[in-house]
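Below are the chains, spelled out letter by letter.
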Amino acid sequence: MLGLGVNAHASVTLGLFGLPLVMPDIQRDFHVSLPVAAVIGNAPGIGILFALVAWGVLADRRGERLVLAAGVGTAAVCFLTAVFVRAPWAVVLLLALAGAAGSAAMVGGGRIVLRWFEPPERGVAMGLRQVSYTLGMALAGFLLPAVSAAHGLPGVLLVCSGFCLSAALLAGLLPGEPPGQPAGQGAQRAASPYRDRALWRVHGTSALHVVPQIVVSTYGVACLVNVYGWDKVHAGQLFGAAAIGGAVVRIAVGRWSDRTGLRMRPLRIITVTAAAVLTLLVVAQAGAVHPAAGPVTLALAAVITVAGNGLAYLTAGELAGPGWAGRVLGTHNGIQNVVALVSAPLLGVLIARTGFWAGFAAGLALCLLSLPVIPLGSERGGEPATPRERHDRVHGAPRR
């Protein structure tokens, strides 16, 4: 089942996040300016923002197999329809719908980890699940530009549709429920986990961590080219290697959290480490260290700033409980996407006016700001404490 979730998420990643890789072909095929081409290429992200929570609610009530099959299958239809549409506004609409439908894999895949794995196994499982985005983008990088060169943008959309269709068929054909568990978990009868402040703090921590991730991943290649004189190809290869390193570290961090039975304490250590690396990165931009330190620190920052993503995501789901996991994970991803959407252009303006050091300093500041937000009191050795357990410790357990 974990492989099913990874396959679904990796498959939709091609169309949801891989289209900017063929931006020149989008511009040429539709005869539009670069800004308009950017809107077309990133249109799936618009749909993702509006659909994550809705898919989470449906997953809580009907199970992840239905969500994966219906959502990823609908995305396949949207990509296929876009092949035959020529009006840019219509393509944007269809791609946004594909993003809304395909985002089901982002929620369903995470919920699979919570339902099919015991707490001592979830860290590694979530780390593997988080690798699906890296796999999808790696596949997109190797495949989509080559397909576009041979068959144009219609070929790219057909490939995206085909991958989504195969993932949807697998989701629909394979058994999808853990033994002895119904598809839905009675979400409508469960008390809201948002009464617990720890869940809000987990959301807030991840929101703050998005900014250092965005500034490194979005502007790191530009920094290597403009500041250190690197070739674009070599700069991209460095960040490609860093992405693979980040995937390995996520799995290792998941294993670490499983062995200790803790999620937030390892996340705090990772956050402190990320702050130290970002500090070195800011210092390197000022020329206070050897020039070789800049690229090395950038690569380290690309790895360490994403290392704790799985821990926060998993903690949000565990705090939510089975009846609310889908919508809470959808909300968690939604908050991250909103912050990324807002922060990316703002960081670009800051860097253009001041320099790359200012962008990295902004990431450092929010990384430090997140430290007191991390809810260390939400867990104990073994696994994160539930809201009921924390309530009982404070108010006393009910008599039986």
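The model shown is predicted, which means the values in this text are computed figures rather than measured ones. (Residues numbered from 1 in each chain as written. Predicted model: local features only at pLDDT ≥ 70, side-chain atom pairs only at ≥ 80, totals over all residues. Heavy atoms only, no water.)

## Re the overall build of the chain
For the chain, the count of helices and strands is 16 helices and two strands. By the burial criterion, 54% of the 400 residues in the chain qualify as buried. Here the chain displays about 17,100 Å² of accessible surface, and carbon together with sulfur accounts for 68% of that area. (Helix = DSSP H or I, 4+ residues; strand = E, 2+ residues; numbered from the N terminus. Buried < 20%, exposed > 50% of the residue type's maximum accessible area, 1.4 Å probe, protein only. Areas by Shrake-Rupley, 256 points an atom, 1.4 Å probe, with all protein chains shown as cover.)

## A short note on the packing of aromatic side chains
One pass over the structure, following the stated rule, counts one aromatic pair. Measuring from centroid to centroid gives 4.8 Å for Y194 and W200, while their planes differ by 50°, and the two rings are tilted. Under the relative-accessibility criterion, Y194 is labelled buried at 19%. Among the residues examined, W200 registers a relative accessible area of 49% and is labelled partly exposed. Stacked on the ring of F30, the Lys or Arg R86 has its end atom at 5.1 Å from the ring centre. A cation over an aromatic ring shows up here: R327 above the ring of W324, its NZ or CZ 4.1 Å from the ring centre. (Phe/Tyr/Trp six-rings, centres within 6.5 Å; stacked < 30°, edge-to-face > 60°. Lys NZ or Arg CZ within 6 Å of the ring centre and 35° of its normal.)

## A word on unusual backbone geometry
In the Ramachandran plot, H31 falls in the positive-phi region, its phi being about 55° despite a non-glycine side chain. Residue position: H31 is located in the loop between α2 (23-30) and α3 (34-41). Residue H31 is classed as exposed on the basis of its relative accessible area, which comes to 72%.

## Observations regarding helix α15 (residues 356-370)
An ideal rise of 1.5 Å per residue puts 21 Å on 15 residues; α15 measures up with 22 Å between its terminal C-alpha atoms. Considering only its buried residues, α15 is in contact with α9 (197-226), α11 (264-285), α12 (293-304) and α14 (325-354). (Expected span 1.5 Å × (residues − 1). Contact = heavy atoms within 4.5 Å.)

## A few points about the confidence of the model for the chain
Model confidence for the chain is summarised by a mean pLDDT of 81, while 82% of its residues fall at 70 or above. Per-element averaging of pLDDT across the chain places helix α16 (residues 387-395) at the bottom with 41 and α15 at the top with 95. Segment residues 183-188 is flagged for pLDDT under 50; beyond a separation of four residues in sequence, or across chains, it makes 20 contacts in the model. Per-residue pLDDT stays below 50 along residues 381-400; that stretch engages in 31 contacts with residues further than four places along the chain or on separate chains. (pLDDT = per-residue confidence, 0-100.)

## With respect to the side chain of S206
By the secondary structure assignment, S206 is in helix α9. Note on S206: relative accessible area 4%, which makes it buried. Sequence-distant contacts of S206, that is, excluding residues within four places in its chain, are made with A312, H332 and Q336.

## Quick look at the state of the cysteines
Here the structure, examined in full by the defined rule, presents zero disulfides. The closest cysteine sulfur to the non-disulfide-bonded C78 is located on C164, 9.5 Å from its own sulfur. Residue C78 is classed as buried on the basis of its relative accessible area of 9%. (Disulfide = S-S within 2.5 Å.)

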